[in-house]
Amino acid sequence: MTLPEQSHSDREISYRIGWKKGKIHVPDNPSREADPTENVHIAANQAQELTQPADPLLAIIWKRAPYPGWKAAFWAAAALPAAGFAAIVWLVSRLTQG
């Protein structure tokens, strides 16, 4: 049994995302030299289209949430384990009193 000849002009990439599987055929030698900044511009335009809804009502409802800043985020992340430990100690003490 002979194997079918594969074209050397493209390569096959298989992917799996969750339960979906598929194959992508990518040309091995593109006809023109790709501009590395071209993909960045396309991705930026697509992201801008996704973040700006066409409906003005949706633009009012869905706004970007403000970030509190690095200092506040650091102290919140440091306080969460201590608050969780204090809550567990309080719950255990309430259960042992009863």
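Each remark here, short or long, concerns the structure printed above.
For the structure given in this document, a descriptive report is provided here. Computed from a predicted structure; not experimentally measured.

**Some details on the overall build of the protein chain**
Tallying secondary structure elements over the protein chain gives 3 helices and 2 strands in all. In the protein chain, the succession of α and β elements from N to C terminus is β-β-α-α-α. The 98 residues of the protein chain split such that 1% are buried. Summing over all exposed atoms, the protein chain offers an accessible surface of approximately 10,000 Å²; the carbon and sulfur share of this is 64%.

**A look at the pairing of strand 2 (residues 20-27)**
Bridge analysis of strand 1 (residues 10-17) against strand 2 gives 8 bridges, and the strand direction is antiparallel. Counted as the bridge partner of Arg11 is Val26 from strand 2. Between the antiparallel neighbours strand 1 and strand 2 lie 2 residues, among them Gly18 with a positive phi of about 65 degrees.

**What about the packing of aromatic side chains?**
Enumeration over the complete set of coordinates arrives at 2 aromatic pairs. An angle of 65 degrees between the planes, with centres 5.6 Å apart, marks the rings of Tyr67 and Trp70 as edge-to-face. Across this residue pair, the class does not change: Tyr67 and Trp70 are exposed. Considering the side-chain rings of Phe74 and Trp75, the 5.2 Å spacing of their centres and the 75 degrees angle between planes classify their relative orientation as edge-to-face. On the accessibility criterion, Trp75 (54% relative accessible area) is exposed.

**Focus: the pattern of salt bridges**
Counting across every chain of the model gives 1 salt bridge. In this structure, the salt-bridge partner of Lys23 is Glu12, at a minimum N-O distance of 3.5 Å. One end of the pair, Lys23, is in strand 2; the other, Glu12, is in strand 1, and 11 residues separate them in sequence. By relative accessible area, which is 47% here, Glu12 ends up partly exposed.

**So, helix 3 (residues 70-97)**
If you check helix 3, its first and last C-alpha atoms are 41 Å apart, about what 28 residues at 1.5 Å a residue would give, namely 40 Å. The largest bend in helix 3 amounts to roughly 25 degrees and is located at Ala79, with the proline Pro81 lying one to four residues further along.

Conventions used here
By convention here, each chain's residues receive numbers from 1 onward along its written sequence. At least 70 in pLDDT is required for a residue's local features to be given in this predicted model, at least 80 for side-chain atom pairs to be given and counted, and no such filter applies to totals for whole chains, interfaces and linings, which use all residues. Computation of side-chain values: all heavy atoms of the structure, hydrogens and water removed. Every helix listed is a DSSP run of H or I at least four residues long, and every strand listed is a run of E at least two residues long, numbered separately from the N terminus. The classification of residues rests on relative accessible area computed with a 1.4 Å probe and restricted to protein chains. Under 20% of the type maximum is buried, over 50% is exposed, and intermediate values are partly exposed. Exposure was quantified through the Shrake-Rupley algorithm and a 1.4 Å probe, taking into account, for residues, occlusion by the shown protein chains and nothing else. Paired strands are those between which DSSP finds at least two bridges. Only the six-membered ring of Trp is used, alongside the rings of Phe and Tyr, when aromatic pairs are assigned; centres must lie within 6.5 Å, and planes under 30 degrees apart are stacked while those over 60 apart are edge-to-face, with the rest tilted. Salt-bridge detection follows one rule: a side-chain nitrogen of Lys or Arg within 4 Å of a carboxyl oxygen of Asp or Glu. Each helix should span, by expectation, one fewer than its residue count multiplied by 1.5 Å. Each residue is assigned a bend, namely the angle between axes fitted to the seven residues that terminate at it and the seven residues that start at it.

Nothing here speaks to function; it is all geometry.
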